[in-house]
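Remarks on the overall topology
Given next are the chains, with one letter for each unit.
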Amino acid sequence: YPITNLKLSLSGALNYFFMLLVFFFAITYLFFYLGLNKFLIAPLSKFILDVKKAARYRETDKKLHITSRIYELKNLEKSFNKMLTSMSNSRRKELEQIYKDHITGLPNRLKLHEELREFKIPFLAIFNIDAFKEVNDFYGVKVGDFILKKVGDAISAHAKLGEKIYRFAGDE
């Protein structure tokens, strides 16, 4: 059973070996490319597009999702959504500081100006506490602030549904 007609040259064997090696690397590259594309590149590209869209439309209340099971990408999603929540809370606090009187907690003059644009025929009633500076000078600012808070609470308690109460600062 001996093989008598076996002629194999070194160059032919090396050619077959290199062809097999090239084929192996081509198949490996194809699998890595398809796998990376499906599990990493495509989900990350979609996430980046969602981030750009959220930034363009200033959507800080929306949660973004990555459709991948890769731990690092899920961690990126979690961190980014934490940042969005933090930005949303900061923006809400900033607007609250801009539109609310810090003593009474009532909306302020700026908020009134914005909301007046929404009404076709607004009705306004303005209350003024005369010589309130004398109360502040005689009893102190803390007592004056306490009185303003209680007056605001009393007026708010008697406001009907749909009526809004605003406070203008003393220098306005």
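Since the model is a prediction, treat every value here as computed from it, not as a measurement.

Calculation rules
- Residues numbered from 1 in each chain as written.
- Predicted model: local features only at pLDDT ≥ 70, side-chain atom pairs only at ≥ 80, totals over all residues.
- Heavy atoms only, no water.
- Axes fitted to C-alpha atoms, helices over the stretch in contact; angles between N-to-C directions.
- Helix = DSSP H or I, 4+ residues; strand = E, 2+ residues; numbered from the N terminus.
- Parallel < 35°, antiparallel > 145°, perpendicular 65-115°, else oblique.
- Contact = heavy atoms within 4.5 Å.
- Nonpolar A, V, L, I, M, F, W, Y, C, P; charged D, E, K, R; others polar.
- Buried < 20%, exposed > 50% of the residue type's maximum accessible area, 1.4 Å probe, protein only.
- Phe/Tyr/Trp six-rings, centres within 6.5 Å; stacked < 30°, edge-to-face > 60°.
- Lys NZ or Arg CZ within 6 Å of the ring centre and 35° of its normal.
- Salt bridge = Lys/Arg side-chain N within 4 Å of Asp/Glu carboxyl O.
- Core = buried A, V, L, I, M, F, W, Y, C linked by side-chain atoms within 4.5 Å.
- Expected span 1.5 Å × (residues − 1).

With that settled, the discussion passes to the packing of helix H1 (residues 10–57) against helix H2 (residues 71–99). Running from N to C, H1 and H2 cross one another at 10 degrees; their axes reach a closest spacing of 11 Å. Viewed along their axes, H1 and H2 adopt a mutual orientation that is roughly parallel. Counted together, Phe 39, Leu 40, Leu 44, Phe 47 and Val 51 of H1 and Leu 73, Leu 76, Glu 77 and Phe 80 of H2 form the full contact between these two elements. Classifying every residue of the contact of H1 with H2 gives 8 nonpolar, no polar and 1 charged.

What follows is about the environment of Ser 86. With respect to the helices, strands and loops of the structure, Ser 86 is situated in helix H2. A residue is classified by how much of its surface remains accessible, and Ser 86, at 41% relative accessible area, is partly exposed. Put simply, Ser 86 and Ile 70 are 16 residues apart on the chain and 24 Å apart in space, counted from C-alpha to C-alpha.

Glancing now at the packing of aromatic side chains. The full count for this structure, using the stated rule, is 5 aromatic pairs. Taking the centre distance of 5.6 Å and the plane angle of 80 degrees together, the rings of Phe 47 and Phe 80 count as edge-to-face. Separated by 33 residues along the polypeptide, Phe 47 in helix H1 and Phe 80 in helix H2 bring together distant segments of the chain. For the pair shown, Phe 47 and Phe 80 are each scored as buried. Of note, Lys 111 hangs over the ring of Tyr 99, and the distance from its end group to the ring centre comes to 4.9 Å.

The axes of two packed helices give the description: the angle between them and the distance between them. Remark: helix H4 (residues 132–139) packs on helix H5 (residues 141–158), axes separated minimally by 6 Å, with the N-to-C direction vectors making an angle of 135 degrees. As summarised for this structure, H4 and H5 are arranged oblique, according to the angle between their axes. Contacts from Phe 132, Val 135, Asn 136 and Tyr 139 of H4 reach H5 at Val 141, Val 143, Gly 144, Asp 145, Ile 147 and Leu 148. When grouped by side-chain class, the residues that make up the contact of H4 with H5 number 7 nonpolar, 2 polar and 1 charged.

Looking now at the pattern of salt bridges. Tallied over the full model, the rule gives 8 salt bridges. Of the charged contacts, one joins Glu 115 and Lys 111 as a salt bridge, the two residues approaching to 3.6 Å between their closest N and O atoms. A residue pair is termed a helical-turn pair when its members lie 3 or 4 positions apart in one helix, as Glu 115 and Lys 111 do in helix H3 (residues 109–116) at 4 residues. Residue Glu 115 is classed as buried on the basis of its relative accessible area, which comes to 10%. A salt bridge links Glu 115 to Lys 164; the nearest nitrogen and oxygen atoms lie 3.2 Å apart. Separated by 49 residues along the polypeptide, Glu 115 in helix H3 and Lys 164 in the segment after H5 bring together distant segments of the chain. Through salt bridges with shared partners, a single ionic network connects Lys 111, Glu 115 and Lys 164.

The next thing to look at is the nonpolar core. Core analysis: the largest hydrophobic core is formed by 6 residues, namely Phe 47, Leu 64, Ile 66, Leu 73, Phe 80 and Leu 84. Counting residues per element, this core draws most heavily on H2, which supplies 3 residues. Beyond its immediate stretch of four places on either side in the chain, Leu 73 contacts Phe 39, Leu 40, Leu 44, Ile 66 and Ser 68.

A few words on H2. In this model, H2 (29 residues) spans 42 Å end to end at C-alpha, consistent with the 42 Å of a helix rising 1.5 Å per residue. Listed as buried for H2 are Leu 73, Glu 77, Phe 80, Asn 81, Leu 84, Ser 88 and Tyr 99. Residues of H2 that are buried in the fold lie against H1 and H3.

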